[in-house]
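Letter by letter, the chains look like this.
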Amino acid sequence: MTFHPVSAIFVLPVMLVLLEMGRRFRILHKSPAESGAIEGAIFALFGLLLAFTFSGAIARYDTHRQLIVEESNDIGTAYLRLDLLPPAAQPELRQLFRDYTSSRLHLYDTVTQEISPASQQLQHEIWEKSVVASNSSGAKPDAAKLLLPALNAMIDVTATRQNAFNMHPPAIVFLLLFAFSGGSAFLAGYSMTAHNRGWFYMIALSLAVTATVYATLEIEYPRRGLIRFTDIDQTLVDLHNSMK
């Protein structure tokens, strides 16, 4: 189960409504002022949930960036080791590497498979041709020992990236976050002065929570929201441009 970042926008009107409902509930029941210990504990728990969810999204996004750098390094290493192959086999493999690098770009632009059919086909072709070339006459003595492990690392990192893209907190975490947003709003409204709405504070609280939840979902699901991390592929772009 995934959550589109736009769904966070609904937190704003819901919180405003629940703030007003909490205030009116207190007026209706003419409840006296009570200890704020329970309210403080609930608000603290909500703050921790919000903070840990946001920090977890940031950590997973950093992992995506690190894996892109790792994949770029793996492709670059394998590409350099093509020099170990016979000169006649190198031009075709170098072109396949350029095509493969291009197929690994723009994965953040849309919601697509992390390993595209084109990438899988190119992986298969590069592996087969490299095995043949590394064992043919004219190859350096340790060509197979050096090139094939590098290709294996280049292919394996794509599965690692795919798993990283699919790793998200359980849906219950985000459902709990939405529930705490509404519950905290109701308690905040209940604790307000009976005849003083305080629209500024109501709107400020709702906007702050909504913005934080929205940013969390944007970072957690970077290809589903309005934000695009267009610079995240720059290492692969630079690698592609360096291939000659």
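Relevant structure appears above.
Below you will find a few notes about this structure. As the structure is a computational prediction, the values presented were derived from the model and not from experiment. (Residues numbered from 1 in each chain as written. Predicted model: local features only at pLDDT ≥ 70, side-chain atom pairs only at ≥ 80, totals over all residues. Heavy atoms only, no water.)

A word on the side chain of S206
Move 1: In this structure, S206 sits in helix 7 (residues 199–220).
Move 2: Among residues more than four places away in sequence, those in contact with S206 are L12, M15, L16 and L19. (Helix = DSSP H or I, 4+ residues; strand = E, 2+ residues; numbered from the N terminus. Contact = heavy atoms within 4.5 Å.)

With respect to the side chain of D74
Move 1: Secondary-structure assignment places D74 in helix 2 (residues 37–80).
Move 2: The side chain of D74 is buried and forms no salt bridge, while R81, the nearest opposite charge, is found at 9.0 Å.
Move 3: The contact partners of D74, leaving out residues within four places of it in the chain, are A150, A153, M154 and V157. (Buried < 20%, exposed > 50% of the residue type's maximum accessible area, 1.4 Å probe, protein only. Lys, Arg positive; Asp, Glu negative; His and termini not counted. Salt bridge = Lys/Arg side-chain N within 4 Å of Asp/Glu carboxyl O.)

Examining the packing of helix 1 (residues 11–29) against helix 7
Move 1: Between helix 1 and helix 7, the shortest axis-to-axis distance is 9 Å and the interhelical angle comes to 145°. Judged by the sense of rotation from one axis to the other, the crossing of helix 1 with helix 7 is right-handed. Residues V11, L12, M15, L16, L19 and E20 of helix 1 pack against M202, I203, L205, S206, L207, V209 and T210 of helix 7.
Move 2: For the contact of helix 1 with helix 7, the residue count by class is 10 nonpolar, two polar and one charged. (Axes fitted to C-alpha atoms, helices over the stretch in contact; angles between N-to-C directions. Left-handed = near helix turned anticlockwise from the far one by under 90°. Nonpolar A, V, L, I, M, F, W, Y, C, P; charged D, E, K, R; others polar.)

Overview of the pattern of salt bridges
Move 1: Overall, the coordinates contain eight salt bridges when judged by the stated rule.
Move 2: Its salt-bridge partner being R65, residue D62 comes within 2.7 Å of it at the nearest N-O pair. With D62 and R65 both in helix 2 and three residues apart, the pair spans about one turn of that helix.
Move 3: Given the relative accessible area of 25%, D62 is considered partly exposed.
Move 4: In this structure, R161 and E71 form a salt bridge, with 2.6 Å as the shortest nitrogen-oxygen distance.

Focus on the nonpolar core
Move 1: Counting residues in each nonpolar core, the largest one holds 29 residues, and the members touching the most others are I75, L82, L85, F97, I126, L151 and M154.
Move 2: Of all the secondary-structure elements, those providing two or more residues to this core are helix 2, helix 3 (90–103), helix 4 (117–134), helix 5 (143–165) and helix 8 (234–242).
Move 3: Residues in contact with F97, not counting those within four places in the same chain, are I75, A78, Y79, L82, I126, L151, M154 and M243.
Move 4: Core analysis: the second largest hydrophobic core is formed by 21 residues, A185, M192, V209 and V213 among them. (Core = buried A, V, L, I, M, F, W, Y, C linked by side-chain atoms within 4.5 Å.)

Digging into the environment of L82
Move 1: Here L82 is to be found in the loop between helix 2 and helix 3.
Move 2: Taking the relative accessible area as the measure of exposure, L82 reaches 0% and is therefore buried.
Move 3: Sequence spacing of L82 and L147 is 65 residues, and the spatial spacing of their C-alpha atoms is 7.1 Å.
Move 4: Setting aside residues up to four positions removed in sequence, L82 forms contacts with Q90, L93, R94, F97 and L147.

None of the figures reported here should be taken as evidence of function without further support.
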